[in-house]
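What the coordinates show
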Amino acid sequence: MEDWQLELRQAITTADQLAAHFAVEVDALRPVIERYPLSITPHYLSLIEQPGDPIWRQCVPDPAELIDDGAPLDPLSEEEHAPLPGIIHRYPDRALLLVSGSCGVYCRFCTRKRQVGTRAMSYTFGELDNAIAYIARTPAIKDVILSGGDPLLLPDLFLKQLLDKLRRIEHVEIIRLATRLPVTLPSRITGRLCTLLQNYPPLYLLTHFNHPRELNAATSAACDQLAAAGVVLGNQTVLLKGVNDDPGVLAELFRGLLKIRVKPYYLHHVDLARGVGHFRTPLETGISILRTLRGTLSGLAIPHYVVDLPGGKGKLPITPEAYERSADGRIRLLTPDGDTLCFAEDARLCRDGQIFHHKAHEKSA
Ligand SMILES: *Cc1c(COP(=O)(O)O)cnc(C)c1O
């Protein structure tokens, strides 16, 4: 067994283990963990300085997750865009292949929290092969994004077989790995893994740093090793209330990422998924942060701020042209296909007068 696999075995997965590390009341967390699994790797745990801090909020369950705020379970209609189990095909030229059902750390704000770490996201080898066959017979797909769950939790040998199969498909031009392990389990980025990944260019790795405290010797070394192996690195941050909804915090994060050769790619507005409402900021917060960053940071350090539109309509970059404010204070988003979605300050979302999503749970950070 490799070191990272041993470390993963030592991850905190129960309320009692959490109570052994922190003097906090955990009984209220038990039903949350039953619904949405818990996992905190030793590395990520070591970054927590005190309960409630930005690292804690990302990984420790909160009773607010059980509040039914009326948000849909599958806000991006991913299940409608799944031609087969294990694949999400929403844009003609790109497809997501869900190759792993689990993660090193279960992010409390996860869009797929209804499935990740549960049986709903365990696909059989046969299903995975069928999904790969779908890609092989769909020449429009040029870009395959390995996701899940976390694809780097697959053992090297399995990952190699998967990459071999995808590379054999002529129309697949690029492969992306969407993984948070460089942040949550940096020991996974071994020399052996990097040697393996080196063989499949052009390979992009999109990782997920949300806070400058996640930048440290271990995570920098992991990114450095990947970059040295010719892997192109990008980062997706989620804008999270009480974690990073502050221009100073994000400026430090984005500058720090460039220093370790990771390009900030997307800043995601929290999806309208159920159980994540306590993390959602008003759209205005993101817009105002971006405006501040524009004046202080290089364009290289600034990601696209995107809303993933409900119904699987795709990601909409929020720029001044993408929205207008109406008289009642709502923000109207103009989608690429000519639709209008209105987004209220309290994160209610409506379309053609119909409210899709009811009042987000308002809890101060
Ligand atoms: C985000 C996403 C992609 C990739 O989009 P890019 O803008 O190319 O990064 C592809 N498919 C699905 C379903 C997605 O959600």
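Calculation notes
Residues numbered from 1 in each chain as written. Predicted model: local features only at pLDDT ≥ 70, side-chain atom pairs only at ≥ 80, totals over all residues. Heavy atoms only, no water. Domains from an automatic or database assignment. pLDDT = per-residue confidence, 0-100. Contact = heavy atoms within 4.5 Å. Near = heavy atom within 4 Å. Polar contact = N/O pair within 3.5 Å; in protein donor to acceptor, adjacent residues only side chain to side chain. Helix = DSSP H or I, 4+ residues; strand = E, 2+ residues; numbered from the N terminus. Expected span 1.5 Å × (residues − 1). Buried < 20%, exposed > 50% of the residue type's maximum accessible area, 1.4 Å probe, protein only. Arc of directions from axis to C-beta. Pairing = 2+ DSSP bridges. Right-handed = clockwise from strand over helix to strand, strands pointing away. Axes fitted to C-alpha atoms, helices over the stretch in contact; angles between N-to-C directions. Parallel < 35°, antiparallel > 145°, perpendicular 65-115°, else oblique. Left-handed = near helix turned anticlockwise from the far one by under 90°.

Topic: the domain arrangement of the protein
When the domains of the protein are assigned, the result is domain 1 (70–320) and domain 2 (326–365). One C-alpha centre belongs to domain 1, the other to domain 2; they are set 25 Å apart.

Here we look at the confidence of the model for the protein
Averaged over all residues, the pLDDT of the protein equals 91, while 94% of them reach at least 70. Below a pLDDT of 50 lies the segment residues 351–365, which in the model reaches 42 contacts outside its immediate sequence neighbourhood of four places, other chains included.

Focus on the site of the ligand
Near the ligand the following residues occur: Ile88, Arg90, Tyr91, Arg94, Leu96, Ile145, Arg176, Tyr265, Tyr266 and Lys315. Within the side chain of arginine 90, an N or O atom sits 3.0 Å from an oxygen atom of the ligand. In the environment of the ligand, an oxygen atom lies 2.5 Å from a nitrogen or oxygen atom belonging to the side chain of tyrosine 266. When residues of the shell around the ligand are traced back to their parent elements, those giving at least two are β1 (87–91), β2 (94–100) and β7 (263–268).

Digging into helix α12 (residues 283–296)
An ideal rise of 1.5 Å per residue puts 20 Å on 14 residues; α12 measures up with 21 Å between its terminal C-alpha atoms. When we look at burial in α12, the residues that qualify are Leu283, Gly286, Ile287, Ile289, Leu290 and Leu293. Take α12 and look down its axis: the buried residues cluster within an arc of 160°, on one side only. Structural note: α12 exposes Arg291, Gly295 and Thr296 on the side pointing more than 90 degrees away from its buried face.

Structural notes on the pairing of strand β4 (residues 174–178)
Most of β4 sits inside the fold, with 4 of its 5 residues counted as buried. Two elements, strand β3 (residues 143–148) and β4, share 4 bridges in a ladder whose sense is parallel. Bridge pairing in β4 places leucine 146 opposite leucine 177. At this point the chain moves from β3, through helix α7 (residues 156–167), to the parallel β4, and the crossover so formed is right-handed. Sheet analysis places β4 next to strand β5 (residues 203–207), joined by 4 bridges and oriented parallel. Each bridged residue has a counterpart across the sheet, and for leucine 177 the counterpart in β5 is leucine 205.

Describing helix α11 (residues 247–259)
Taking 1.5 Å as the rise per residue, α11 with 13 residues should run 18 Å; its terminal C-alpha atoms sit 18 Å apart, in good agreement. Those residues of α11 not exposed but buried are Val249, Leu250, Ala251, Leu253, Phe254, Gly256 and Leu257. Looking at the buried residues of α11, the elements they touch are β6 (232–238), β7 and α12. Sitting at the amino-terminal end of α11 is aspartate 246, which places a side-chain oxygen 2.9 Å from the backbone nitrogen of glycine 248. Downstream of α11 by one or two residues, arginine 261 has phi in the positive range, about 65°.

Comments concerning the packing of helix α6 (residues 125–136) against α7
In contact at an axis separation of 10 Å, α6 and α7 are set at 25° when each is read in the N-to-C sense. When the interaxial angle is binned, α6 and α7 end up roughly parallel. Of the two possible hands of crossing, α6 and α7 adopt the one that is right-handed. Between α6 and α7, the contacting residues are Phe125, Leu128, Asp129, Ile132 and Ile135 on the first element and Phe158, Leu162, Lys165 and Leu166 on the second.

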